[in-house]
Amino acid sequence: MHSEIVEIGAVKLDKDYQQIDRFSCYVRPERAPICKKCTELTGITDETVKNAKPLAQALEEFISWIGEGQVRIYSWSNTDLRQLKTECREKGIYPNGLEPPFRRWMDFQRIYTRLMGLSNRSRLSLKNAIGTVEEDFSGSQHSAADDAQNSASLLTMVMREPEEFARRTRVITQSVNNKHLQQSTLGDMFPGLLGAFSEQK
């Protein structure tokens, strides 16, 4: 375990992909001080998190915020999920496996990269993905809540405004010459994914 979670951020969307809440909290590391690279990337220092809750308590608060019922978590890549699993295992949190809210996890970066007609080896950064829909990144990069906010904005456009999404990204999708992408609907490409969405409704 080379690093520890120092911040949790999320936004909550309803079944119509409208934002209804936002969550943000710092997490106090327990194994070592925050490294210089992390501070350079996020702006978070030891002083920032000195009064924060440890991971186990922060996760309890996060799960309480998520609430009851079936949910699905989207993140930009699976890095967060891998870190969560590793850190929980090392710290003895959830010895019987992750709590139910964390078991339905979608790698939105992978999905979005495929929507753009790119290979998995050419995955887009979140900032570049925001650029594909002719928007500017809102907030600070690598802020957990701001990253979640921008990811949610993309998801909402993909799911609620497919024609607008196609219009904004047409130049890019044409440039990679992915005819299959241009001639397919989101349902064609991800039938299982959309089936999961309809189940939640």
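None of these values were measured; they are calculated from a predicted model.

Q: Is there a simple way to think about the packing of helix H7 (residues 144–160) against helix H8 (residues 162–175) in this case?
A: If you want to describe how two helices pack, look at the angle between their axes and the distance between the axes. For the pair H7 and H8, the least separation of the axes is 5 Å and the interaxial angle reads 110°. Considered as vectors, H7 and H8 are oriented roughly perpendicular to each other. Contact residues: Met157, Val158, Met159 and Arg160 in H7; Pro162, Glu164, Phe165 and Arg168 in H8. Classifying every residue of the contact of H7 with H8 by side-chain character gives five nonpolar, no polar and three charged.

Q: Got a minute to help me understand the packing of aromatic side chains in this structure?
A: Note on aromatic pairs: each is described by the distance of the centres and the angle between the planes. Under the definition given, this model contains 11 aromatic pairs. When the centroid spacing of 5.1 Å and the interplanar angle of 40° are considered together, the rings of Phe23 and Phe62 count as tilted. Linking Phe23 in strand E2 (residues 19–26) with Phe62 in helix H3 (residues 55–66), this pair joins segments that are 39 residues apart in sequence. We classify Phe23 as buried; its relative accessible area is 5%. According to the relative accessible area criterion, Phe62 is buried, its value standing at 9%. Note on Tyr74 and Phe108: the rings are 6.4 Å apart at their centroids and 80° apart in plane angle, and the pair reads as edge-to-face. Taken together, the residues Tyr74 in strand E3 (residues 73–75) and Phe108 in helix H5 (residues 108–115) connect sequence positions 34 residues apart. For Tyr74, a relative accessible area of 24% gives the class partly exposed. Among the aromatic residues, those joined into a ring-pair cluster are Phe23, Phe62, Trp65, Tyr94, Phe102 and Trp105.

Q: Looking at this model, I keep getting lost on H3. Mind explaining?
A: Taking 1.5 Å of rise per residue, 12 residues should cover 16 Å, and H3 covers 16 Å from first to last C-alpha, within 8% of that figure. Buried within H3 are the following residues: Leu55, Ala58, Leu59, Phe62, Ile63, Trp65 and Ile66. Each buried residue of H3 sits inside an arc of 155° when the element is viewed along its axis, so together they form one side. Residues of H3 that are exposed and point over 90 degrees away from its buried face: Glu60 and Ser64. Against the buried residues of H3 lie strand E1 (7–13), E2 and helix H4 (79–91). Following H3 by one or two positions, Gly67 has its phi on the positive side, about 90°.

Q: What should I look at first to understand the side chain of Asp107 in this one?
A: Locating Asp107 in the fold gives a position in strand E4 (residues 105–107). From its side chain, Asp107 meets the backbone nitrogen of Gln109 in a polar contact 3.2 Å long.

Parameters at a glance
Residues numbered from 1 in each chain as written. Predicted model: local features only at pLDDT ≥ 70, side-chain atom pairs only at ≥ 80, totals over all residues. Heavy atoms only, no water. Axes fitted to C-alpha atoms, helices over the stretch in contact; angles between N-to-C directions. Helix = DSSP H or I, 4+ residues; strand = E, 2+ residues; numbered from the N terminus. Parallel < 35°, antiparallel > 145°, perpendicular 65-115°, else oblique. Contact = heavy atoms within 4.5 Å. Nonpolar A, V, L, I, M, F, W, Y, C, P; charged D, E, K, R; others polar. Phe/Tyr/Trp six-rings, centres within 6.5 Å; stacked < 30°, edge-to-face > 60°. Buried < 20%, exposed > 50% of the residue type's maximum accessible area, 1.4 Å probe, protein only. Expected span 1.5 Å × (residues − 1). Arc of directions from axis to C-beta. Polar contact = N/O pair within 3.5 Å; in protein donor to acceptor, adjacent residues only side chain to side chain.

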